[in-house]
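# Summary of the model geometry
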Amino acid sequence: MSNNKVALITGITGQDGYYLSKLLLEKDYVVHGTVRRSSNINTDRIDPLISEYSSDGRLILHYSDLLDSSSLSSLVNLIQPDEIYNLAAQSHVNVSFKNPIFTTQVGTLGALSIMEAIRYSDKKIKFYQASSSEMFGGEEKTMLSEESPLIPKSPYAASKIFAHHMAQIYRDSYDLFMTNGILFNHESPKRGETFVTRKITKALGRIVHGIQSKLTLGNLEASRDWGFAGDYVEGMYLMMQYDVPEDWVLATGETHTVKEFLDIAFKTVNLNWEEYVKTSEKYFRPNEVDYLLGDSSKAREVLNWKPSVDFKGLVKIMVEHDINEAKKDFTLLKDNLISPTWEYPKL
Ligand code: NAP
Ligand code: GDD
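Keep in mind the model is a prediction, meaning the values are calculated, not measured.

In this section: the packing of aromatic side chains. Applying the stated criterion across every chain yields a total of twelve aromatic pairs. For the ring pair Trp226 and Phe261, a centre distance of 5.6 Å and an interplane angle of 65° mean the geometry is edge-to-face. Linking Trp226 in the loop between β9 (223–224) and β10 (227–228) with Phe261 in helix α9 (residues 258–267), this pair joins segments that are 35 residues apart in sequence. Both residues of the pair, Trp226 and Phe261, belong to the buried class. Arranged with centres 6.1 Å apart and planes meeting at 15°, the rings of Trp226 and Phe311 form a pair that is stacked. Separated by 85 residues along the polypeptide, Trp226 in the loop between β9 and β10 and Phe311 in helix α11 (residues 311–334) bring together distant segments of the chain. Just as Trp226 is buried, Phe311 falls in that class too. Over the face of the ring belonging to Phe177 we find Lys126, whose NZ or CZ atom lies 4.6 Å from the ring centre. A cation sits over an aromatic face here: Lys199 above Tyr283, 3.3 Å from the ring centre.

What follows is the structure in structure tokens.
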């Protein structure tokens, strides 16, 4: 019988799913992950981990969907994990205005289905809920901590608040280990390409290689506390190893506007962003979170967590990665294997 700890990660195919599964595998966990069926294989991010760890049974994938509560409860029964990290969500805020019912079903009942499976399990299973700084609403220019009021501005934020409160209620009512990580924005080369940071660095790489000529964005004045995803999954792990389940903010303690991100990114390749970027109503939201700045003193003092990558370092990692990626696209384009799409992405 193996002594490895067993983790179940929902949303393993996403950005954080990649970094968290990598971290846990390096710590000798057996990692199970849920994957949604899609018409194209959607495991790109974790393919390197699959090839390294699946043959010896350390990484095991299961078809599941957060909307299918019976598949979740049978998975929990089958796997009997020590820890469950609930990362699955329709995580795009603007899309949550367009698909509010789906976003809410996944964010609320999806999360609750896992909590119920844990409640009825014979084993004491620790649970991590991916809460979000979006829950704060960013009304005022203040530092936000675990005690700050929650003022949702989107269906996404409202659904995250429901799951956040239910984790607290299950913690207090049934003495379960339910921890909430209130994470501020975190980015990486694995970030989805329609989130603003990756949209910018992806476009910049393509501009550098001459396969894109412009970039259309929305609100350039919005300010975010942006960190590196690799640092934030370390924080998730530390929260789950702490003696008791609590709520924890992870943030860098610095905030920057989209304009500042553009400025630093374009300057790394000696370009002026104003010559390439335009704005369109299409990317403005019906209700905007203007300003997010986090106070993560509790996690820093109690968990000894701290981010290792600063804002400029983050921009540099992402720009360098996407310039290399675009070089591959350029080569394929040159050999006529793909046709040019002058602005990317279209969504
Ligand atoms: P992401 O890249 O968008 O990944 C989301 C994951 O959820 C993907 O694996 C996705 O599967 C899966 N998923 C979506 N709908 C699902 C459903 N109905 N059933 C099962 N799985 C479903 O998000 P992320 O950036 O890694 O973020 C991870 C979590 O942290 C999310 O809950 C997000 O809301 C939260 N969060 C993120 C940040 C941030 O800045 N990144 C900050 C605070 C909180 P597919 O690959 O098939 O789409
Ligand atoms: N996506 C996007 N696309 N955002 C844009 C654009 C654009 O073309 N132009 C400007 N923005 C602005 C948005 O209006 C927002 O104010 C800011 O850039 C950041 O947008 P996103 O990168 O989409 O992230 P988010 O802050 O809305 O949400 C992310 O962080 C949350 C934590 O605070 C997501 O990862 C959420 O899942 C997460 O909970």
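Checked against the element boundaries, Asp225 lands in the loop between β9 and β10. At 7.0 Å, Arg300 is the nearest oppositely charged side chain to Asp225, a buried residue that forms no salt bridge. Within the structure, Asp225 has its side chain in polar contact with the backbone nitrogen of Gly253 (distance 3.1 Å). Those residues in contact with Asp225 that sit more than four places away from it in its chain are Phe184, Asn185, Tyr232, Ala251, Thr252, Gly253, Glu254, Thr255, Leu292, Leu293 and Gly294.

It is worth spelling out the site of ligand 1 at this point. Near ligand 1 there are 25 residues, and of these Thr13, Arg36, Ser91, Tyr156 and Lys160 occur at the shortest range. Between ligand 1 and Gly14, the relevant distance is 3.0 Å, taken from an oxygen atom to a main-chain nitrogen or oxygen of the residue. Here an oxygen atom of ligand 1 and a backbone polar atom of Asp16 are 2.8 Å apart. Against a free-state accessible area of 910 Å², the protein chains account for coverage of 89% of ligand 1.

Conventions adopted
- Residues numbered from 1 in each chain as written.
- Chains lettered and ligands numbered in written order.
- Predicted model: local features only at pLDDT ≥ 70, side-chain atom pairs only at ≥ 80, totals over all residues.
- Heavy atoms only, no water.
- Phe/Tyr/Trp six-rings, centres within 6.5 Å; stacked < 30°, edge-to-face > 60°.
- Helix = DSSP H or I, 4+ residues; strand = E, 2+ residues; numbered from the N terminus.
- Buried < 20%, exposed > 50% of the residue type's maximum accessible area, 1.4 Å probe, protein only.
- Lys NZ or Arg CZ within 6 Å of the ring centre and 35° of its normal.
- Lys, Arg positive; Asp, Glu negative; His and termini not counted.
- Salt bridge = Lys/Arg side-chain N within 4 Å of Asp/Glu carboxyl O.
- Polar contact = N/O pair within 3.5 Å; in protein donor to acceptor, adjacent residues only side chain to side chain.
- Contact = heavy atoms within 4.5 Å.
- Near = heavy atom within 4 Å.
- Areas by Shrake-Rupley, 256 points an atom, 1.4 Å probe, with all protein chains shown as cover.

Geometry only, nothing functional implied.
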